[in-house]
Amino acid sequence: MHPIHKLALLLRLTLTLASFQAPLFAPVETDGSAADADAAAPLLSADFEEFAHSLIEEWHVPGMAIGVIKLGKEGEAPRVQFVNVGTAGQGRAVDPDAFTAASVGVLVDRGLFNWTTKVSSLIPDFALPGSIEGEASVLDIMSHRTGLPRHDHSYSPGVTHKGFIERIKHLRPSAEFREAWHQMFMTAAYLVSKLTSTPFTDFVTSAIFKPLNMTASTFSPDTSPTSWAHLSDSFMTLDNGTVSEIPYGFKESFEDLQVNAGAGGVVSSARDLMKWLEFLMTARNEAIHPGSSNASFPVSPQSILKMSSAHMPQTLRGEYPDVSATVYGLGLGFGSYQGFELIRHGGSIPGFGTQVVWSSERGVGAVALCNADGSGNSVSDIATYRAFDTLLRLKQVDWNSRYKEKARLAKELKTATLSATAAKVATLALSPPTLSLDKYLGAYTDPGYSNITVCTTPENAHLFHLAPECAVLHSLLDGALSLTELPPSSPRASFLIYRPGYFSQSHLWITQDEGDRFLGSWGYLFGPTSERKERTLAYAEIGEIGVEFVAESNGEVVGMDWSGVWGPGAIVVQREKEEGRRVEVAFTKAA
């Protein structure tokens, strides 16, 4: 998968690469706490560090931090080990939304509601689209089974948390109620903040981070030079293997942070995550075997068991013979690997990719944090599977070869898709759209996606009246250094759609396919970094987004339909391969 394509996934919780400056070879100091106590005998094999080094070099990932944990017997401290390879620079990385699920679990423990309580009874402004027959419970939104897809592009900077909730009823569903796996964790975060009258980020800090002594975990990293020096820079690995530094994508306003925090935003370390994993495994075991632990828990064992139990199918079948199909809990994926329980959740934001895996029945867990997305996600998956094999003394599966084969197939598919698109365009008569270009320009709106503006490309700006939003976009593009080959030069009609979003998303570039149908690619404008002073520009694959303008018989454009933007999940993706894409967003042209 193209690394920029991962940007649309918006993912999960941001984590530091273990509080090291480059290079990552300093010995780990312990503070005497249970989760930091290293035993004399290493948990990982002697060749694991060499393996990790070769992995990041092969996949062009600057740095990776790995932490593993094995629970001790009752009264014994767990054993932990850290391996840090490569270069961190100055940054962060990514983990799941289990902190959000745990926060909701705290409120269930306090008796404010239960898992089957209807969300609308707690948040009067919350409503699913009218076409969905069903009323969502807390469990429904936490297990992604509302029928709504991700709709990542429906929210943008400046939208309040309440405003986001009010938009939900205007979004189009991709499946029936409780039929497919989808995202709703921003709603869960709003639920926590509304019922506690506390900003969500503050609640997580007080209810989870502090009780677990996760002192390196925060939603708002101190930006002082001293603090920033302990954070990893973020990188993007391009198709040709080139590694390019990009700015950290979570420098947001307080309100924007509250909107995003339910689905992602925690800055933490590999060492802190060992404390988190120790808690999750111990609490789950206590729920299954009452009396097995004397520990006190910030979230009840029953709520942790609810989080890590099956509520919704996530995949239809196991990708490999030794991996089962996955079901989704609450912020956690659940399945088996080589016959053993495996609970996991990875994530990604621009510049970071991570994976967290654990098994409470075996008392082992692993986390891998990489400072590159795309390739970093692959490396974190490979590293945690290798660590899991070692911790449980399982047959060592060659996950690197498996992921290289997946990458090869994805590259072949991309090449074939681009070739097919180019061949199709070459066979079509080079004719302009059905209307003059000025008819397509202007403002469009949708109640779920708000406002967008269709602009001419910079080279044609002198031919048309330029809307203020278009002038801003053209100014940002001026002088930006392109990191990808797109957009290619084309004699066909092209437009830019101004749509600022999170993680440096700035616009959608579309080029004519046939008639009033266009193919689009998201554009990302990154600000200056320590490597370069100029802005950089990157695009996702062409054809990722389908755009078709809607015109009346009098020649006036009245709307624009989008497809390929809603992130529906694996089950719906398979259905769309068989049945074709549907209109996912229908914009109306402003008068």
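Novice: I'd like a rundown of the overall build of the chain, residues and numbers included.
Specialist: If you tally the helices and strands in the chain, you get 15 helices and 23 strands. Residues counted as buried form 58% of the 591 residues belonging to the chain. Here the analysis covers contacts within the chain between residues at least 6 apart in sequence; of these, 68% occur between residues at least 24 apart. For the chain, the computed accessible surface area is about 23,100 Å², with 53% contributed by carbon and sulfur atoms.

Novice: Run through the packing of helix 2 (residues 98-109) against helix 6 (residues 185-196), naming residues and quoting values.
Specialist: In contact at an axis separation of 10 Å, helix 2 and helix 6 are set at 35 degrees when each is read in the N-to-C sense. In this structure, helix 2 meets helix 6 at a crossing whose hand is left-handed. In contact with Thr100, Ala101, Ser103, Val104 and Leu107 of helix 2, helix 6 contributes Phe185, Ala188, Ala189, Val192, Leu195 and Thr196. A per-class count over the contact of helix 2 with helix 6 returns eight nonpolar, three polar and no charged.

Novice: Pulling in residues and values, what's your account of the nonpolar core?
Specialist: By size, the foremost hydrophobic cluster in this structure holds 111 residues, and its most contacted members are Phe126, Met142, Trp276, Phe549, Met560 and Trp562. Per element, the largest residue contribution to this core is nine residues, and it comes from helix 10 (residues 270-288). Ignoring any residue separated from it by four or fewer positions in sequence, one finds Phe549 in contact with Tyr440, Tyr444, Val454, Ile510, Asp516, Phe518, Val557, Gly559 and Met560. With 37 residues, the next largest nonpolar core counts Val61, Val83, Ala366 and Ala387 among its residues.

Novice: Any chance you could break down the environment of Gly353 for me, citing the residues and the numbers?
Specialist: For Gly353, the location among the structural elements is in strand 11 (residues 352-359). Sequence separation between Gly353 and Gly376 is 23 residues; the distance between their C-alpha atoms is 4.8 Å.

Novice: So what about the state of the cysteines? Which residues, and what values?
Specialist: Simply put, the disulfide is a covalent bond whose two ends are the sulfur atoms of two cysteines. A full pass over the atoms with the stated rule returns one disulfide. With its sulfur 2.0 Å from that of its partner, Cys455 forms a disulfide with Cys470. Its torsion about the S-S bond being -85 degrees, the disulfide of Cys455 and Cys470 is classed as left-handed. Residue Cys455 is located in strand 15 (residues 450-456), and its partner Cys470 is located in helix 14 (residues 468-477); the two are separated by 15 residues in the primary sequence.

Novice: Provide a residue-level description of the side chain of Gln81, including the pertinent values.
Specialist: Positionally, Gln81 belongs in strand 3 (residues 79-86). Taking the relative accessible area as the measure of exposure, Gln81 reaches 17% and is therefore buried. In terms of polar contacts, Gln81 uses its side chain to reach the backbone amide nitrogen of Leu43, at 2.7 Å.

Novice: I'd like a rundown of the environment of Glu245, residues and numbers included.
Specialist: Here Glu245 shows up in strand 6 (residues 243-246). A sequence separation of 10 residues divides Glu245 from Phe235, and the C-alpha atoms of the two residues are 4.3 Å apart. What Glu245 contacts, discounting residues up to four positions off in sequence, is Asp233, Ser234, Phe235, Thr529, Ser530, Glu531 and Arg532.

Novice: Provide a residue-level description of the sheet that holds strand 13 (residues 372-373), including the pertinent values.
Specialist: The mixed open sheet is built from three strands, whose spatial order is 6-5-13. Pairing within the sheet leaves two strands with one partner each, and these edge strands are strand 6 and strand 13. Direction of pairing for strand 5 (residues 234-237) relative to strand 6: antiparallel, over a ladder of four bridges. The residue of strand 6 that forms the bridge with Thr237 is Val243.

Novice: So what about the confidence of the model for the chain? Which residues, and what values?
Specialist: When pLDDT drops low, the exact placement of atoms in the prediction is not to be read closely. Confidence in the prediction of the chain, expressed as mean pLDDT, is 82, and 82% of residues score 70 or more. Below pLDDT 50 for its whole length, residues 1-39 participates in 171 contacts with residues either more than four positions away or in separate chains. Under a pLDDT of 50 for its full length, residues 89-96 has, in the predicted model, 58 contacts with residues more than four places off or in other chains.

Novice: Break down the packing of aromatic side chains for me, with residues and values.
Specialist: Counting across every chain of the model gives 24 aromatic pairs. Each ring, one from Tyr385 and one from Trp399, has its centre 3.8 Å from the other, and the planes form 5 degrees; the classification is stacked. Residue Tyr385 is found in helix 12 (residues 375-391), and its partner Trp399 is found in helix 13 (residues 399-427); the two are separated by 14 residues along the sequence. Above the plane of the ring of Tyr320 lies Arg402, whose end atom (NZ or CZ) is 4.1 Å from the centre.

Novice: Break down helix 1 (residues 48-58) for me, with residues and values.
Specialist: Along helix 1, the residues that are buried comprise Phe48, Phe51, Ala52, Leu55 and Ile56. Take helix 1 and look down its axis: the buried residues cluster within an arc of 125 degrees, on one side only. In this structure, helix 1 carries Glu50 and Glu57 as exposed residues pointing more than 90 degrees from its buried face. Looking at the residues trailing helix 1, positive phi occurs at His60, about 60 degrees.

Novice: Describe in detail the sheet that holds strand 11, supporting the description with residues and values.
Specialist: Judged by pairing direction, the sheet is antiparallel, and its eight strands sit side by side in the order 3-2-12-11-10-9-8-7 without closing on themselves. Looking along the sheet, the strands with just one partner apiece sit at the ends: strand 3 and strand 7 (312-313). Bridge count between strand 9 (residues 333-337) and strand 10 (residues 340-349): five bridges; the pairing is antiparallel. Note on strand 10: the bridge partner recorded for Gly333 is Arg344. Strands in contact with helix 1 are strand 2 (63-70) and strand 3; relative to strand 3, the strand with the most contacts, it is inclined by about 35 degrees.

Novice: Go over unusual backbone geometry with me, naming the residues and quoting the values.
Specialist: Its identity as a non-glycine residue notwithstanding, His60 has a phi of 60 degrees, on the positive side. Here His60 shows up in the loop between helix 1 and strand 2. A residue is classified by how much of its surface remains accessible, and His60, at 36% relative accessible area, is partly exposed. The phi dihedral of His151 falls on the positive side, at around 50 degrees, and the residue is not glycine. Its place among the elements puts His151 in the loop between helix 4 (138-142) and helix 5 (161-167). Taking relative accessible area as the criterion, His151 reaches 1% and is therefore assigned buried.

Novice: Tell me about the pattern of salt bridges, and name the residues and values.
Specialist: Tallied over the entire structure, the rule returns 15 salt bridges. A salt bridge links Asp140 to Arg145, with the nearest nitrogen and oxygen atoms 2.5 Å apart. Where Lys439 meets Glu556, a salt bridge forms, and the shortest distance between an N and an O atom there is 2.9 Å. One end of the pair, Lys439, is in the loop between helix 13 and strand 14 (442-446); the other, Glu556, is in the loop between strand 21 (545-551) and strand 22 (557-563), and 117 residues separate them in sequence. Looking at Lys439, the relative accessible area reads 28%, which means it is partly exposed. Classification of Glu556 as partly exposed rests on a relative accessible area of 36%. Within this structure, Asp125, Lys162 and Glu166 form a network of salt bridges that share partners.

Parameters at a glance
- Residues numbered from 1 in each chain as written.
- Predicted model: local features only at pLDDT ≥ 70, side-chain atom pairs only at ≥ 80, totals over all residues.
- Heavy atoms only, no water.
- Helix = DSSP H or I, 4+ residues; strand = E, 2+ residues; numbered from the N terminus.
- Buried < 20%, exposed > 50% of the residue type's maximum accessible area, 1.4 Å probe, protein only.
- Contact = heavy atoms within 4.5 Å.
- Areas by Shrake-Rupley, 256 points an atom, 1.4 Å probe, with all protein chains shown as cover.
- Axes fitted to C-alpha atoms, helices over the stretch in contact; angles between N-to-C directions.
- Left-handed = near helix turned anticlockwise from the far one by under 90°.
- Nonpolar A, V, L, I, M, F, W, Y, C, P; charged D, E, K, R; others polar.
- Core = buried A, V, L, I, M, F, W, Y, C linked by side-chain atoms within 4.5 Å.
- Disulfide = S-S within 2.5 Å.
- Polar contact = N/O pair within 3.5 Å; in protein donor to acceptor, adjacent residues only side chain to side chain.
- Pairing = 2+ DSSP bridges.
- pLDDT = per-residue confidence, 0-100.
- Phe/Tyr/Trp six-rings, centres within 6.5 Å; stacked < 30°, edge-to-face > 60°.
- Lys NZ or Arg CZ within 6 Å of the ring centre and 35° of its normal.
- Arc of directions from axis to C-beta.
- Salt bridge = Lys/Arg side-chain N within 4 Å of Asp/Glu carboxyl O.

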